[in-house]
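# Fold and contact review
Here is what each chain is made of, one letter per residue.
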Amino acid sequence: SQQGEEDPQALSIQEGENATMNCSYKTSINNLQWYRQNSGRGLVHLILIRSNEREKHSGRLRVTLDTSKKSSSLLITASRAADTASYFCATGLFYNQGGKLIFGQGTELSVKP
Amino acid sequence: GAGVSQSPSNKVTEKGKDVELRCDPISGHTALYWYRQSLGQGLEFLIYFQGNSAPDKSGLPSDRFSAERTGGSVSTLTIQRTQQEDSAVYFCASSSPTSGGYNEQFFGPGTRLTVL
């Protein structure tokens, strides 16, 4: 069964606006990762945040992690039409503790030009 | 360098037939994973190989599903006596122990399986 719950399931915004997606999970984790998927193709890794980190930035992406609330958010600033995709959060363990990622259901983002 | 490759990209089969899906991980990656994604859903973990350790098969949905990894590289996922509910996109991913101990995974393009 899926561990993560993502909110919203779908988000439609105009180019230039910011997009915020939320993810909640159930069990303790060592890291949380965000992936992007275009039209059912393979997933692309966006950013990884460790359990002892609270915020991380990568270009126009900002990820926060609140382990007390078991939640994370992904913010995409100044969105572009090319950001249109599905975004998934996934929780993981240390490499030597078992490798599987547990994925959320995803947020489908549509950025209109 | 080359990423994770999977073949075939699409597979249409009849209910009851067996299928084999292939994955070539990134060279040097010792960990290999299989996931599947049903329409409109997130990815569901199936099986995980790490070096010479026994695989983690905890996600395999039934005994019709099996996977092997030969020579620590290429992996084959086999589905026997396919059912319509097996229709999904099957993804392979690999990762490296050099990722600082954290498990960033690199995904292949997937194999879309349709069972008629």
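A quick note: this is a predicted structure, and the numbers were derived from the prediction, not measured.

Rules of the game
Per-chain numbering applies: the sequence of each chain, read as written, is numbered from 1 onward. Just so you know, chain letters begin at A and ligand numbers begin at 1, following the order they were written in. Where local features are concerned, this predicted model is filtered to residues with pLDDT of at least 70; where side-chain atom pairs are given and counted, the filter is 80 or more; whole-chain, interface and lining totals use all residues. The basis for every side-chain value is the complete set of non-hydrogen atoms in the structure, without hydrogens or water. We define a salt bridge as a side-chain nitrogen of Lys or Arg found within 4 Å of a carboxyl oxygen belonging to Asp or Glu. The numbering of helices and of strands both runs from the N terminus, where a helix is a DSSP run of H or I of at least 4 residues and a strand a run of E of at least 2. Exposed residues in this analysis have more than 50% of their type's maximum accessible area, buried residues have under 20%, and partly exposed residues fall in between, with area computed by a 1.4 Å probe over protein chains only. Strand pairing is assigned whenever DSSP identifies at least 2 bridges connecting the two strands. Note on method: axes are straight lines fitted to C-alpha atoms, helices fitted across the in-contact stretch only, with angles between N-to-C directions ranging 0 to 180 degrees.

What follows is about the pattern of salt bridges. Summed over the entire model, instances satisfying the criterion amount to eight salt bridges over all chains. The salt bridge involving D83 of chain A is made with R60 of chain A; its shortest N-O contact spans 2.9 Å. You can see D83 of chain A sitting in the loop between strand 8 (71-76) and strand 9 (85-92) and its partner R60 of chain A sitting in the loop between strand 6 (55-58) and strand 7 (61-66), a full 23 residues away along the chain. For R64 of chain B, the salt bridge is made with D86 of chain B, and the minimal N-O distance between the two is 2.8 Å. Here R64 of chain B is found in the loop between strand 5 (43-50) and strand 6 (65-69), whereas its partner D86 of chain B is found in the loop between strand 7 (75-79) and strand 8 (88-95), with 22 residues between them in sequence. Using a relative accessible area of 2% as the deciding quantity, one classes D86 of chain B as buried. One continuous salt-bridge network, built from bridges that share partners, spans R36, R60 and D83 of chain A.

A word on the pairing of strand 6 of chain A. Residues and elements named next belong to chain A. Bridge count for strand 6 against strand 7 is four bridges, and the pairing is antiparallel. Its bridge partner lying in strand 7, H57 is registered against R62. Hairpin connection, strand 6 to strand 7: the antiparallel pair is bridged by two residues, and G59 has positive phi, about 60°.

Here we take up the sheet that holds strand 1 (residues 5-7) of chain A. All names here are of chain A. Reading across from one edge, 1-3-8-7-6 is the order of the five strands in this open sheet, with antiparallel pairing throughout. The outermost strands of the open sheet, each flanked by one partner alone, are strand 1 and strand 6. Strand-to-strand, the axes of this sheet are offset by a mean angle of 15°, without reference to chain direction. As judged from the six bridges shared by strand 3 (residues 19-24) and strand 8, these two strands associate in the antiparallel manner. Looking across to strand 8, one finds that C23 is bridged to S72.

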